[in-house]
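Geometric and topological summary
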Amino acid sequence: MADVRLVNVSKRFGALAAVEAVTLHVPEASFTTLLGPSGCGKTTTLRIVAGFYAPDEGDVLIGGRRVNDLPPHRRQTAMVFQEYALFPHMTVFENVAYGLRMRRVPPAEIRRRVLAALELVGLRGVEDTFPARLSGGQQQRVALARALVVEPEVLLLDEPLSNLDAKLRVRVRAEIRALQRQLGKTTIYVTHDQEEALAISDRIAVMDRGRIQQIGTPLEIYHRPANRFVADFVGLANFLDGEVAAPGQVRAGDLTLAVPDGPPPGRRVTVVLRPEAIRLHVQPPRDGENVLRGVVAQASFLGTLARYWVTAAGRQWMVDVPSPGEGVISGEVFLEIPRERIHLLAAE
Amino acid sequence: MAVGVVRWRTAARDPGLLLAYALVGAVLLGFVLYPTLRVISYPALADYLGIVDNPRWMAAVRNSLMMMVLSTTTATLVGFLYAFAMTRADVPGRRVFRSIALLPLFAPPFMVAFAYILMFGRQGLITRTLLGLDVNIFGWPGLWLVQTVAFFPYAALILEHVLEAINPTLEQAARNLGADERTVFRTVTLPLARPGVAAAMLLVAISVLADFGNAVVIAGALPLLATEAWFRIEGLADLTGAALSVSLLLLPTVLLFVLERVWVSRRLYTAITGRGSHLERPPTPWYVRGALLAFCGVVAVFVLLVYVAVVAGAFTRTWGYNWSLTLDHWRLGLAQGGGQLLNSVQIGAISALLTSIIALLAAFLTSRRQWPALERALDFLAVLPGALPGVFIGIGFLLAFNAPPFFLGGTPWILILALTFWHIPFGYQAAQAGLRQIDRSIEEAAADLGASGLRILRDIYVPLLRGPFLASFVTSFIRAVTNLSIVVFLVTPRNLVATYSILAMIGGGFWGAAAALTAALLALTFAAVALARLAVGRTIRALPVA
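Residues numbered from 1 in each chain as written. Chains lettered and ligands numbered in written order. Predicted model: local features only at pLDDT ≥ 70, side-chain atom pairs only at ≥ 80, totals over all residues.

Another point: the overall build of chain A. Looking only at helices and strands, chain A has eight helices and 20 strands in total. Each principal axis of the C-alpha atoms in chain A carries an extent, and together these give about 75 × 50 × 35 Å. In chain A, which comprises 348 residues, the share counted as buried stands at 39%. Restricting the contact set of chain A to residue pairs at least 6 apart, pairs at least 24 apart contribute 64%. (Helix = DSSP H or I, 4+ residues; strand = E, 2+ residues; numbered from the N terminus. Buried ≥ 20, exposed ≤ 12 C-beta atoms within 10 Å, placed from the backbone. Contact = placed C-beta atoms within 7 Å.)

Structure representation (structure tokens):
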């Protein structure tokens, strides 16, 4: 087992800076996710770790050893590809056995380990089948078994769930996470799906335009985003640009909100407010702070919650109310914004 | 700079791959570039400058260009109409017509000329026996007819793809906007097919220019660049003259080749729209259908006559005089040429195997995207033989490997190597097309699991490219056993092959034996195709993409 360290890594393709000055530490046995929109450099970063691209600048260290010059086949990493990349001309057994054959493991041991790996991913009895005959979910498991069987120091997963349907995706991601915990494998996972990232990771590195925007636990990323991009990309948020009027007070236009203490007066800030952080009342709440009177402009029933767009204080607010029960509200409402659920960003 | 250093360090850890680059690079340099340069540099500058003062050279240049214009025009025109008919679903018999158009592709390159002498010559079955005419088919009119029939299939096959790829929706849209059938053809179909027509014309033009087999048999006293080299060596042992004439031939062929690669193939992509929808084409009007049917029928008869003539010639006692049946020609032909037929098969099989292996390796190496400059250079060397006429390669190997330090003259190996490297582009393009079908991540998965560069080739690409490999092998084999343009320069009594003997038999008036040996050669090539079909059917088990 080993940790992975990227130090100031950059990679350009022609004029395009795909990855810029990325510094990232993936501790041993941790599950770290690279999250970001397409083209943000997350897959390039992963492929630099795998050795498919050599970084133009910076160092890649696996287990403390600099691996910049090692070709992929000499690195102790194993990757699960987005399209699985199973060898179409080999059976499931041959696919999984491939990495062991490359490592010159004796045949008897290959057999034992391949079967164990297939067992591990819950796939037995298809050893002699060709990949094309398997369902997407099964192919995904073969790809995972093929990567795990070589007992890599680092497991790399490149959007491994994007070709599965929504239900299966949720199930398999839980399985992957359980497996990773069980094996204690250092894992780097790439996805553009923020919900997936929140659900599965020890730590998330949010990337945009080749740069890491924030590294943190899912809770930190969600509740204390480092900048507007992270706040906007991970989850939904109401944004409010204003200025600190007094300690613990932000003024935005003619609206004044009580906020947590922080930046000194006069500083321009952005208020980040998750939709579920706002409470919705039909009657004015008795002693709440930050209470606004408003009108429901639009409501949408989403099953486990109802989402409202409320016009109040001259702007639109997105408000999520869990478990709406009998129906959705309309007409006049009151918004209550608890001070401790407000997050402040320095204006960019 | 830093990037280059990293690349070299990474490469140093994969010495097998590095060695493969060196090896393929070395053989391509040695067997493609070296003979090429040897030919061009053989005549002195004064020899080149003397061309304009020599009436025979100028006549050869003029005639070659004239034949190029004439034959290319008619072959492309016939090919277009033929392809147009093949892409109309309601023209009856289109499958049969298609198979007939494929036939000349398997024939030895002198066969059409030989057959037409039998059919339309002075002792021709049709001209003399049936019609009682006295026709001299030798010279440019005969060559024109022969080249049109021999090369229209190239145009037809390219144009069939092009016409097929034109989205019927576009034609429907034109109709919907009020265009009648003629207007649709003129304003939509034809303009969309234009880059394809240009590509077909260029390919046919190259083939016509380099056509040695038909020209040597039927051109008579007409001086042509492709045959001039042969006459210079055969009659006058004039190596300088031979090198001069094929160098002259090289100029227009390379020009056409570059034009095709750089200009047309790029435009071809933009002109062909995707096959998103599967709208049916509307019915073809009956008079168009009738005309197409009649036209294809006539063309098909001309193609079939080639085969009929050769087979009939092989069993007829004395062509033109005594039409009784006999097996004597087979006895004579096989007694004289049986061993050579075996030689042809051996040389063909070995060279086709070498071609396919080197081509596959080259295609793999040029797809690495690791050393762009090196890969481009290899790519250039791998496609270069496609621009070289066979006679040029023949002279090239004669000049390069018939003298110390590389003395291969009189051995089968000089034939094998010349044929091998002339056919590299066929195998190379087949392998490249196959490679494009395989997702890159499959290779990366293998590398990630510990496979080195050559291991990837062996474990992933070789098994997945069996289809293209076999296609390349069969094509190269057929072209090798039927080749004449190269072997005429390289055979000696010690390494004779069948095609050379057939040429000698035709020249000596032994038509029956020539026909018998040609028929045997044909049977061989068809057997090879049939075997390949069988093998392909069995090897496709789990291809990544259908």
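Structure's up, so let's keep going.
Right, let's talk about the overall build of chain B for a bit. Looking only at helices and strands, chain B has 25 helices and four strands in total. A compact globule built from 546 residues would reach a C-alpha radius of gyration of about 24 Å, and chain B, at 25 Å, matches this within 12%. The proportion of buried residues among the 546 residues of chain B is 47%. Counting only contacts in chain B whose residues sit at least 6 apart along the sequence, the fraction spanning at least 24 positions is 81%. (Rg over C-alpha atoms; globule rule 2.2 N^0.38 Å.)

In this section: the nonpolar core. Grouped together as the largest cluster of nonpolar side chains are 262 residues, with contacts concentrated most on Ala115(B), Tyr116(B), Ile395(B) and Ala418(B). What Ala418(B) contacts, discounting residues up to four positions off in sequence, is Ile393(B), Gly394(B), Phe397(B), Ile486(B) and Leu490(B). (Core = buried A, V, L, I, M, F, W, Y, C linked by C-beta atoms within 7 Å.)

Right, let's talk about the sheet that holds strand 16 (residues 291–301) of chain A for a bit. In any sheet, the strands associate via hydrogen bonds between backbone groups, in a parallel or an antiparallel arrangement. Residues and elements named next belong to chain A. Pairing in this open sheet of five strands is antiparallel, and the strands run 15-19-16-17-18 from one edge to the other. Strand pairing shows two members of the sheet lacking a second neighbour, strand 15 (279–281) and strand 18 (315–322), which therefore form its edges. The sheet shows a mean angle of 45° between the axes of neighbouring strands, taken without regard to direction. As paired elements, strand 16 and strand 17 (residues 305–312) share seven bridges and run antiparallel to each other. Residue pairing in the sheet places Val295 in a bridge with Thr311 of strand 17. (Pairing = 2+ DSSP bridges. Axes fitted to C-alpha atoms, helices over the stretch in contact; angles between N-to-C directions.)

Turning our eyes to something else, we now look at the packing of helix 15 (residues 328–366) of chain B against helix 22 (residues 466–481) of chain B. Residue and element names in this part refer to chain B. As a packed pair, helix 15 and helix 22 sit with axes 8 Å apart at the nearest point and diverge in direction by 140°. When the axis of helix 15 is compared with that of helix 22, the two are oblique. The chirality of how helix 15 crosses helix 22 is right-handed. Contacts from Ser344, Val345, Ile347, Gly348, Ala349, Ser351, Ala352, Leu353, Thr355, Ser356, Ala359 and Leu360 in helix 15 reach Phe469, Ser472, Phe473, Ser476, Phe477, Ala480 and Val481 in helix 22. Across the contact of helix 15 with helix 22, the residue classes tally to twelve nonpolar, seven polar and no charged. (Parallel < 35°, antiparallel > 145°, perpendicular 65-115°, else oblique. Left-handed = near helix turned anticlockwise from the far one by under 90°. Nonpolar A, V, L, I, M, F, W, Y, C, P; charged D, E, K, R; others polar.)

Taken together, the 26 residues of chain A in the interface contact 24 residues of chain B. Partitioned by chemical class, the residues of the side of chain A that touches chain B number 16 nonpolar, five polar and five charged.

All names here are of chain A. Judged from the five bridges that link them, strand 16 and strand 19 (residues 332–336) form a sheet pairing that is antiparallel. Bridge assignment links Val291 to a residue of strand 19, and that residue is Glu336. In this antiparallel pair of consecutive strands, strand 16 and strand 17, the connection spans three residues, and Gly303 shows a positive phi of 90°.

A word on the sheet that holds strand 20 (residues 343–346) of chain A. All names here are of chain A. Pairing is antiparallel in the open sheet, where five strands are placed in the order 13-12-11-14-20. On the outer flanks of this sheet lie strand 13 (255–258) and strand 20, each paired with one strand and no other. Neighbour to neighbour, the strand axes of the sheet diverge by 40° on average, direction disregarded. Bridging between strand 11 (residues 238–246) and strand 14 (residues 268–273) involves six bridges; their strand directions are antiparallel. Paired with Leu240 across the strands is Val271, a residue of strand 14.

Once that is clear, we can look at unusual backbone geometry. One non-glycine residue, Ala85(A), lies in positive phi territory at about 55°. Among the secondary structure elements, Ala85(A) is positioned in the loop between strand 6 (77–80) and helix 2 (92–102).

All names here are of chain B. Orientation of helix 15 relative to helix 16 (residues 372–383), taken along the N-to-C sense of each, is 150°, at an axis distance of 9 Å. Considering the angle they form, helix 15 stands roughly antiparallel to helix 16. Of the two elements, helix 15 crosses helix 16, and the hand of that crossing is left-handed. Note on element contacts: helix 16 touches helix 15 through Glu375, Leu378, Asp379 and Ala382, opposite Ala362, Leu365 and Thr366. Along the lines of polarity and charge, the residues of the contact of helix 15 with helix 16 split into four nonpolar, one polar and two charged.

As a further point, take the environment of Arg112(A). Residue and element names in this part refer to chain A. On the secondary structure map, Arg112 appears in helix 3 (residues 107–120). For Arg112, a count of 12 C-beta atoms within 10 Å gives the class exposed. Put simply, Arg112 and Ser201 are 89 residues apart on the chain and 31 Å apart in space, counted from C-alpha to C-alpha.

The element helix 1 (residues 42–50) of chain A is largely enclosed, with a buried count of nine among its nine residues. Taken together, the buried positions of helix 1 of chain A are Lys42(A), Thr43(A), Thr44(A), Thr45(A), Leu46(A), Arg47(A), Ile48(A), Val49(A) and Ala50(A).

This brings us to the pairing of strand 8 (residues 186–191) of chain A. All names here are of chain A. Of all six residues in strand 8, six are buried; the element is thus mostly enclosed. Alternating positions in strand 8 separate into two faces, Thr186, Ile188 and Val190 on one and Thr187, Tyr189 and Thr191 on the other, with burial throughout. Bridging between strand 7 (residues 154–158) and strand 8 involves five bridges; their strand directions are parallel. Along strand 8, the bridge assignment pairs Val154 with Thr186. Following the chain from strand 7 across helix 5 (residues 166–183) to the adjacent parallel strand 8, one finds a crossover that is right-handed. (Right-handed = clockwise from strand over helix to strand, strands pointing away.)

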